[in-house]
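Here's the letter readout for the chains.
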Amino acid sequence: MRKFFIFLASLALFLFAGFHFIKWRMDHEGPEVTPLAMSTDGVDLRPWIDPTFTPQALLPTGEPQHPFLAETDTSVMHAGSWETDAHPAEGIFSENAKVLTRRAGGKSARQCATFTFIKAGHPLILCGGLTSFRLQLLHKDSLERLAYFDLPMRPSTFEAMVKRDTRIIFSDTSGGAYFYLDNQDRAVLADSKQRIRRIQAVEENGSWALKLVDSWDMLPYVPNDCFHYNNLWPSGECDAITTVMPDYTGLIWWTTRNGRVGSLDPETGKVKVMQLSGEEIQNSFALDETGAYIVSDHAMYLLTLEDGLPTVKWRLPYDRGTGRKVGSINQGSGTSPTLLGEGRYITFADNADDRIAIIVAHAGDVPDGQTRQICRVPVFASGASATDNSMIGHGRTIILENNHGYTNAQIHKDYGSVTGGVVRVDVREDESGCDIVWESDLKVPSVVPKLSLGNGIAYFYSFDLLDNGDRLWSLVGLDFETGREVVRVPTGTGIAFNNNWASIAIAPTGDMWVGTRQGVLKIVEGN
């Protein structure tokens with residue numbers, strides 16, 4: 001009997017060691033740079049610019065500096081708490097643009113989705129993988145890794161592996177992607193164990209580290225009975241925190257997939273929570289001095305805090321359609337709300353069956369003689385209209401891309417099915433409605449676009465089909481005023497260069513970063 005127990009113990013030790021060796025092989029990534037690999041070589045990667053275009057700076061958005069965020073456009077995926085996706089710096093517009101790349105992950109590549117920038121200028125990014133999410137601090141010039149911090153695996157990743165269905169992964173926005181960088185170089189996020197954590201970038205004796213400085217357990221408020229390796233027969237509710245954001249007093253707002261909205265006082269640890277019953281929240285939210293603008297799969301909300309408890313101030317229902325579309329994460333709005341018009345308006349897209357529509361509403365009090373909703377403008381072609389990315393908001397202007405027909409890089413085969421399209425819609429000065437200003441047929445499968453206020457170019461990530469069926473991916477800029485293509489920088493071919501729902505970021509230096517399915521790329525002015 002003793003030998004039998006020794007055998008079982010040895011077997012368990014062997015399996016444990018084997019699991020961790022496999023995990024190490026999948027995860028191991030050194031600090032040095034391994035470039036992304038192209039699937040088709042010999043293609044023309046020369047940048048192109050329109051020589052007749054003259055860059056024209058745009059006015060600031062009017063968003064104030066948030067007291068608890070890093071410099072506004074460096075702090076979150078969507079460039080600040082107003083979620084405008086507008087950056088002050090002048091983006092790339094050069095025939096000499098140079099593309100630098102870094103592969104993320106070990107044998108199993110990681111997709112990098114979210115960019116923030118610490119005070120030293122280095123990007124602090126989040127990259128997802130099969131075994132875990134990982135915060136990585138990269139050198140702003142060389143792309144060498146300076147530090148990293150591993151987060152736990154999401155239950156949805158385990159479920160997707162067991163069921164061999166990657167769509168499960170891409171319908172889950174929890175785990176840390178919607179994190180923010182605060183005014184002390186701390187990444188604040190909710191991990192898959194439902195802990196809100198603050199992780200600080202610290203330099204000591206010339207070396208960088210990411211150090212956990214705070215952690216709050218949200219499990220008492222967020223049921224998380226999910227299918228996972230340690231919970232194969234769940235019987236309760238599986239919910240997860242998707243987004244965190246500070247308000248102007250320092251309280252941390254948070255939302256969950258199943259419609260919970262809460263606040264956390266980081267000074268006392270006090271938590272208050274309410275729920276939008278029967279509604280789902282998959283997108284991030286916008287926030288100003290008044291409160292949080294949250295879109296569920298049924299309605300747009302403004303919530304304010306009453307003694308720390310999120311409370312509905314107004315609710316605007318919208319057309320959610322009759323089902324989830326190809327190019328959408330759920331049956332509801334695919335956009336994070338955006339404040340524009342110096343904070344007077346809030347905009348989002350609905351999920352109407354035939355054509356989705358851009359909706360603009362008054363964010364604050366409704367003027368006499370008007371209604372909350374200013375306009376609803378159907379966009380893109382009939383039967384080929386969907387989006388799952390936030391719009392750009394600037395002044396009275398909204399720019400939105402069409403993601404119809406795209407699924408994800410793991411399963412998508414027919415790139416001819418990607419419908420494409422970008423549209424600009426403006427709010428009329430008298431607020432009597434909104435009008436389409438221009439349309440482009442540019443194919444943009446999935447990127448979070450960005451507007452450079454420094455040169456008046458809206459940037460997207462597109463592709464061209466090669467003769468062998470492969471894709472050549474490019475950063476593409478459209479003139480804010482006309483929608484005309486004015487710059488194109490080819491980046492590379494194949495799945496490694498597929499953006500796959502990640503974001504573009506414009507650093508304060510004007511360097512441009514793009515998350516890809518297998519890592520990250522940076523576009524700089526060449527010599």
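Located above this text is the structure these notes cover.
A quick note: this is a predicted structure, and the numbers were derived from the prediction, not measured.

Visitor: Just to check I follow, could you spell out the overall build of the protein chain for this structure?
Guide: Helix and strand counts for the protein chain come out as 3 helices and 34 strands. Against the compact-globule benchmark of 24 Å for 527 residues, the protein chain has a radius of gyration of 23 Å, which places it among compact chains. Overall, the C-alpha framework of the protein chain stretches about 85 × 60 × 50 Å when taken along its three principal axes. Sorting the 527 residues of the protein chain into buried and exposed places 60% on the buried side. In the protein chain, once contacts between residues fewer than 6 apart in sequence are set aside, the share between residues at least 24 apart is 57%. Entry remark: accessible area of the protein chain is about 20,800 Å², with carbon and sulfur atoms responsible for 52%. Side chains of the protein chain carry 48 positive and 64 negative charges; the gap between the two charge centres is 9 Å.

Visitor: Looking at this model, I keep getting lost on the environment of Arg320. Mind explaining?
Guide: Within the element layout of this structure, Arg320 appears in the loop between strand 19 (309-317) and strand 20 (338-340). Each C-alpha atom of the pair Arg320 and Lys119 lies 41 Å from the other, and the pair is 201 residues apart in sequence. Discounting chain neighbours no more than four positions away, the residues touching Arg320 are Asp297, His298, Gln331, Gly332 and Asn351. Engagement of the side chain of Arg320 in a polar contact is seen with the backbone oxygen of Gln331, the distance being 3.2 Å.

Visitor: Is there a simple way to think about the sheet that holds strand 22 (residues 357-362) in this case?
Guide: Within a beta sheet, neighbouring strands are joined by backbone hydrogen bonds and run either parallel or antiparallel to one another. Strand order in this open sheet of 4 strands is 20-21-22-23, and the pairing throughout is antiparallel. Looking at strand neighbours, the two that pair on one side only are strand 20 and strand 23 (373-378), the edges of this open sheet. The sheet shows a mean angle of 25 degrees between the axes of neighbouring strands, direction not considered. The pairing of strand 21 (residues 345-349) with strand 22 spans 5 bridges and is antiparallel. When the sheet's bridge partners are listed, Phe348 is paired in strand 22 with Ile359.

How each quantity is defined
Residues numbered from 1 in each chain as written. Predicted model: local features only at pLDDT ≥ 70, side-chain atom pairs only at ≥ 80, totals over all residues. Heavy atoms only, no water. Helix = DSSP H or I, 4+ residues; strand = E, 2+ residues; numbered from the N terminus. Rg over C-alpha atoms; globule rule 2.2 N^0.38 Å. Buried < 20%, exposed > 50% of the residue type's maximum accessible area, 1.4 Å probe, protein only. Contact = heavy atoms within 4.5 Å. Areas by Shrake-Rupley, 256 points an atom, 1.4 Å probe, with all protein chains shown as cover. Lys, Arg positive; Asp, Glu negative; His and termini not counted. Charge placed at Lys NZ, Arg CZ, Asp CG, Glu CD. Polar contact = N/O pair within 3.5 Å; in protein donor to acceptor, adjacent residues only side chain to side chain. Pairing = 2+ DSSP bridges. Axes fitted to C-alpha atoms, helices over the stretch in contact; angles between N-to-C directions.

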